[in-house]
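# Tertiary structure, described
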Amino acid sequence: MSDQFQNTEPYLNYILQTDLLETPNLTMKVVTESPADGVSYQESYSDPCLVINFGAQLSNFEVEGDKKHGYQGPVIPGDFSFLPPETILEGCYQGNQLCYAYIMFPKERLNPLYSEEILIMQSDSLIKQFAQAIYSQANRNDPDIILYRESILEALIQHLQLVHLGAQISNFKPLPNLERLESYIQQNLAQKLTVTELALLEQTTAQSLQKAVRKQYCQSVYEWVTNLRLERSLELLRGTSLNLATIAIECGFANQSHWTRLFRRKFGITPGKVRHS
């Protein structure tokens, strides 16, 4: 098997521990490191590579796989990326100690339809469990443990293809552009907005939109839109002489009472007190 890892920029992080597990059809590398905040990196892979977050809790992570695939936002254990051969991955991150697993396997092990697909920062705790099972008893190298790892690897590949790559092939939807969507929401706060409507604007599914917003803002779509409404209402309170009932309607709340209840929950004060402060 050719070199799996090629760092094209100086590696600036502090490597605390590196463990390598190799069998005839599998190479797994588990790296524990302490990153320098904001450090940039660029890596490429000569074989299909599954990158699994074992233990990192990143406040901000930016990664770009190509013009169509990327991610920016928080990262939690269980997140993963699937990278076909020759993928160039680049970005930067901020956070504390990281623990990632890299699993490389020959592309022949994949259904040919899926061998060139790319997934960036998906979330699946089951994939993490498969990877941890493969890595268990890492020091053993007897036939029984090799067979065990092979069987787990096959289950992992089937799960990856059926649940993630298969969905990409049969029902591909682009990642929603949340900045563009936020601009639309800001211009239409007085209107009734639904998750389905917002998803259609980005030609994606409601599920994909919910997932993207949760990743980016740690909120549901409802919470995201509601907070935008509340922030706008605060601006109108401070910057205009509109009466409270008008502000509530212009920001999309059902009535002044509904707005007041949510406003006090977020800011700890009523709109009336803000207006007279």
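Residues numbered from 1 in each chain as written. Predicted model: local features only at pLDDT ≥ 70, side-chain atom pairs only at ≥ 80, totals over all residues. Heavy atoms only, no water.

Here glutamate 33 is to be found in strand β3 (residues 26-34). By relative accessible area, glutamate 33 is classed as buried at 4%. Here the alpha-carbon distance between glutamate 33 and leucine 98, two residues 65 residues apart in the chain, equals 5.3 Å. (Helix = DSSP H or I, 4+ residues; strand = E, 2+ residues; numbered from the N terminus. Buried < 20%, exposed > 50% of the residue type's maximum accessible area, 1.4 Å probe, protein only.)

Next up on the list: the side chain of arginine 229. Tracing the sequence through the fold places arginine 229 in helix α6 (residues 221-239). At 8.2 Å, glutamate 197 is the nearest oppositely charged side chain to arginine 229, a buried residue that forms no salt bridge. The contacts of arginine 229, once residues within four sequence positions are left out, are Leu189, Ala190, Gln191, Leu193, Cys251, Gly252 and Phe253. (Lys, Arg positive; Asp, Glu negative; His and termini not counted. Salt bridge = Lys/Arg side-chain N within 4 Å of Asp/Glu carboxyl O. Contact = heavy atoms within 4.5 Å.)

Here the focus is the nonpolar core. Within the largest apolar cluster, 28 residues are counted, with the highest numbers of intra-cluster contacts made by Met28, Leu50, Ile103 and Ile134. Of all the elements in the fold, those that place two or more residues in this core are β3, β5 (49-53), β8 (79-83), β10 (98-104), α1 (125-135) and α2 (143-170). Setting aside its immediate chain neighbours within four residues, leucine 50 contacts Phe80, Ser81, Phe82, Ala101, Tyr102, Ile103, Ile127, Leu156 and Leu160. Formed by 18 residues, the second largest nonpolar core is a distinct cluster that contains Tyr45, Tyr100, Tyr102 and Ile120. (Core = buried A, V, L, I, M, F, W, Y, C linked by side-chain atoms within 4.5 Å.)

Scanning all chains against the criterion turns up 3 aromatic pairs. Pairing tryptophan 259 with phenylalanine 263 gives two aromatic rings, centres 5.8 Å apart and planes at 80 degrees, and the pair type is edge-to-face. Of this pair, tryptophan 259 and phenylalanine 263 both sit in helix α8 (residues 256-267), 4 residues apart, which is roughly one turn of the helix. The class of tryptophan 259 is buried, set by a relative accessible area of 0%. Where phenylalanine 263 meets phenylalanine 267, the ring centres are 4.7 Å apart and the plane angle is 50 degrees; that geometry is what we call tilted. Pair noted here: phenylalanine 263 and phenylalanine 267 are both in helix α8, with a separation of 4 residues, about one helical turn. (Phe/Tyr/Trp six-rings, centres within 6.5 Å; stacked < 30°, edge-to-face > 60°.)

Turning next to the pattern of salt bridges. Across all of its chains, the model carries 4 salt bridges by this definition. The salt bridge involving aspartate 79 is made with lysine 215; its shortest N-O contact spans 2.7 Å. In this pair, aspartate 79 sits in strand β8 while lysine 215 sits in helix α5 (residues 206-217), placing the two residues 136 residues apart along the sequence. Here the two residues aspartate 79 and lysine 215 agree in accessibility, since each one is buried. Linking glutamate 235 and arginine 232 is a salt bridge whose minimum nitrogen-to-oxygen distance equals 3.0 Å. On the criterion of helical spacing, the pair formed by glutamate 235 and arginine 232 is a turn pair, its members being 3 residues apart in helix α6.

Contact geometry of α6 with α8 gives a least axis separation of 10 Å together with a crossing angle of 95 degrees. Taken together, the axes of α6 and α8 lie roughly perpendicular to each other. Contact residues: Tyr222, Thr226, Asn227, Leu230, Glu231, Ser233, Leu234 and Leu237 in α6; Trp259, Leu262, Phe263, Lys266 and Phe267 in α8. (Axes fitted to C-alpha atoms, helices over the stretch in contact; angles between N-to-C directions. Parallel < 35°, antiparallel > 145°, perpendicular 65-115°, else oblique.)

Taken across its 7 residues, β10 has 7 buried, putting it largely inside the fold. Strand direction decides the pairing type here: β3 and β10, joined by 7 bridges, are antiparallel. Residue methionine 28 lies in a different strand from β10, and its bridge partner there is isoleucine 103. Of the strand pairs in this sheet, β5 and β10 are connected by 5 bridges, and their pairing is antiparallel. Residue pairing across strands places valine 51 opposite tyrosine 102, the latter belonging to β10. (Pairing = 2+ DSSP bridges.)

Moving on: the confidence of the model for the chain. Here the chain averages 80 in pLDDT, while 84% of its residues score no lower than 70. When pLDDT is averaged over each element of the chain, helix α7 (residues 244-250) comes out on top at 94 and strand β1 (residues 5-7) at the bottom at 33. Under a pLDDT of 50 for its full length, residues 1-13 has, in the predicted model, 34 contacts with residues more than four places off or in other chains. (pLDDT = per-residue confidence, 0-100.)

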